[in-house]
Amino acid sequence: QKEVEQDPGPLSVPEGAIVSLNCTYSNSAFQYFMWYRQYSRKGPELLMYTYSSGNKEDGRFTAQVDKSSKYISLFIRDSQPSDSATYLCAIPGNGNKLVFGAGTILRVKS
Amino acid sequence: DVKVTQSSRYLVKRTGEKVFLECVQDMDHENMFWYRQDPGLGLRLIYFSYDVKMKEKGDIPEGYSVSREKKERFSLILESASTNQTSMYLCASSAHLRGGYYGYTFGSGTRLTVV
């Protein structure tokens, strides 16, 4: 079983839709959870991170962690064409290394 | 701004050539990483380094080596390039986040094509 599982998509939504991106993980010891956004032909950039369970909101973005289900989510409200990118979840593993999901390709159509 | 700079955005090399990919970070980070990214396979760790002259194998080190002679510079070397090494290569350094954990800062990537 992979440490982090993520549906690669692609996910295509109309402008203004609410987007839900999800990952599951296997190790219940994980405490920090991150989301990276990667635009085409660019490196990933850190979008948000959360600690333990609960929600964290930043503008149109909300990161949610459900430790009982080992499930993390990123919600995007009022999605825009500029949100079109690949979104990767990431979790700190052993030895200062991040474990990444495969990334979900999101396309927001205008 | 934290910067991780990869020397080339696009490279085309011939099979059998020795290829050097350079990465420089300006934040005095101890940890640096090399990944390759392929469609459907996500990010795969090739090598990483915790300090100058230190290196550790990642998940797919075969066919690659690295060099870290200075703290700010981490080089990836393809000893004899092959077509299956055609990929996007990403360098990263790790930054501490609040609470003692860390995130990565990535470079813009080098798209390498081996013909």
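Residues numbered from 1 in each chain as written. Chains lettered and ligands numbered in written order. Predicted model: local features only at pLDDT ≥ 70, side-chain atom pairs only at ≥ 80, totals over all residues. Heavy atoms only, no water.

## Some thoughts on the overall build of chain B
Secondary structure summary: chain B contains zero helices and twelve strands in total. Its helices and strands taken in sequence order, chain B reads β-β-β-β-β-β-β-β-β-β-β-β from the N to the C terminus. The C-alpha radius of gyration of chain B comes to 14 Å, within 12% of the 13 Å expected for a compact globule of 115 residues. Overall size of chain B, expressed as C-alpha extent along the three principal axes, is 45 × 30 × 25 Å. Buried positions account for 50% of the 115 residues belonging to chain B. (Helix = DSSP H or I, 4+ residues; strand = E, 2+ residues; numbered from the N terminus. Rg over C-alpha atoms; globule rule 2.2 N^0.38 Å. Buried < 20%, exposed > 50% of the residue type's maximum accessible area, 1.4 Å probe, protein only.)

## Observations concerning the pattern of salt bridges
Residue and element names in this part refer to chain B. Evaluated as defined, the whole model comprises ten salt bridges over all chains. In this structure, E22 engages R73 in a salt bridge whose closest nitrogen and oxygen atoms are separated by 3.9 Å. In this pair, E22 is assigned in the loop between β3 (19-21) and β4 (23-25) and R73 in strand β9 (residues 73-78), connecting sequence segments 51 residues apart. In this structure E22 comes out as partly exposed when scored by relative accessible area, which is 23%. Between E69 and K53 there is a salt bridge, and its shortest N-O distance comes to 2.5 Å. Here E69, found in strand β8 (residues 64-70), pairs with K53, found in the loop between β6 (42-49) and β7 (56-57); they are 16 residues apart in sequence, far enough to count as distant. (Salt bridge = Lys/Arg side-chain N within 4 Å of Asp/Glu carboxyl O.)

## Observations regarding the layout of surface pockets
Estimates place the volume of the largest pocket at around 620 Å³. Lining the largest pocket are 26 residues, with A:E3, A:V99, A:F100, B:L43 and B:D59 sitting closest to its centre. For the lining of the largest pocket, the elements supplying multiple residues, two or more each, are β1 (4-6) and β10 (98-100) of chain A together with β6 of chain B. In terms of residue count, the dominant contributor to the lining of the largest pocket is β6(B) (four residues). Of the residues contributing to the lining of the largest pocket, the split by class is 13 nonpolar, seven polar and six charged. (1 Å grid on protein atoms, 1.4 Å probe; cavity = no way out; pocket = protein on both sides within 12 Å on 5 of 7 lines; lining within 4 Å. Points joined across faces, edges and corners; volume = space filled by probe spheres on them. Nonpolar A, V, L, I, M, F, W, Y, C, P; charged D, E, K, R; others polar.)

## Re the pairing of strand β5 (residues 32-38) of chain B
Residue and element names in this part refer to chain B. Counting buried positions along β5 gives seven out of seven residues, so the element sits mostly inside the fold. With seven bridges connecting them, β5 and β6 associate as antiparallel partners. Across the sheet, residue Q37 finds its bridge partner in β6, namely L43. Taken together, β5 and the strand that follows it, β6, pair antiparallel across an intervening segment of three residues, in which G40 is found at a positive phi of about 80°. (Pairing = 2+ DSSP bridges.)

## So, the confidence of the model for chain B
Within chain B, residue pLDDT values average 92, and 93% of them lie at 70 or more. Averaged pLDDT values over the elements of chain B bottom out at 86 in strand β11 (residues 102-106) of chain B and peak at 98 in β9(B). (pLDDT = per-residue confidence, 0-100.)

## Side note on the nonpolar core
In terms of nonpolar packing, the biggest core is built from 25 residues, with A:W35, A:I72, A:L74 and A:Y87 touching the most fellow members. Of all the elements in the fold, those that place two or more residues in this core are β3 (19-25), β4 (32-38), β5 (45-51), β7 (61-66), β8 (71-76), β9 (85-92) and β11 (104-109) of chain A. What A:L74 contacts, discounting residues up to four positions off in sequence, is A:V19, A:S20, A:L21, A:W35, A:L47, A:M48, A:F61, A:T62, A:A63 and A:Y87. Residues B:M32, B:W34, B:V66 and B:A81 belong to the second largest nonpolar core, which totals 20 residues. (Core = buried A, V, L, I, M, F, W, Y, C linked by side-chain atoms within 4.5 Å. Contact = heavy atoms within 4.5 Å.)

## Side note on the sheet that holds β8(A)
All names here are of chain A. Ordered in space as β1-β3-β8-β7-β6, the five strands form an open sheet in which the pairing is antiparallel. At either end of the open sheet lies a strand with only one pairing partner, and these are β1 and β6 (54-58). Put simply, the sheet's adjacent strands are angled 20° from each other on average, direction ignored. When β1 meets β3, the two strands line up antiparallel, connected through three bridges. Its bridge partner being in β3, Q6 is matched across the sheet by C23. (Axes fitted to C-alpha atoms, helices over the stretch in contact; angles between N-to-C directions.)

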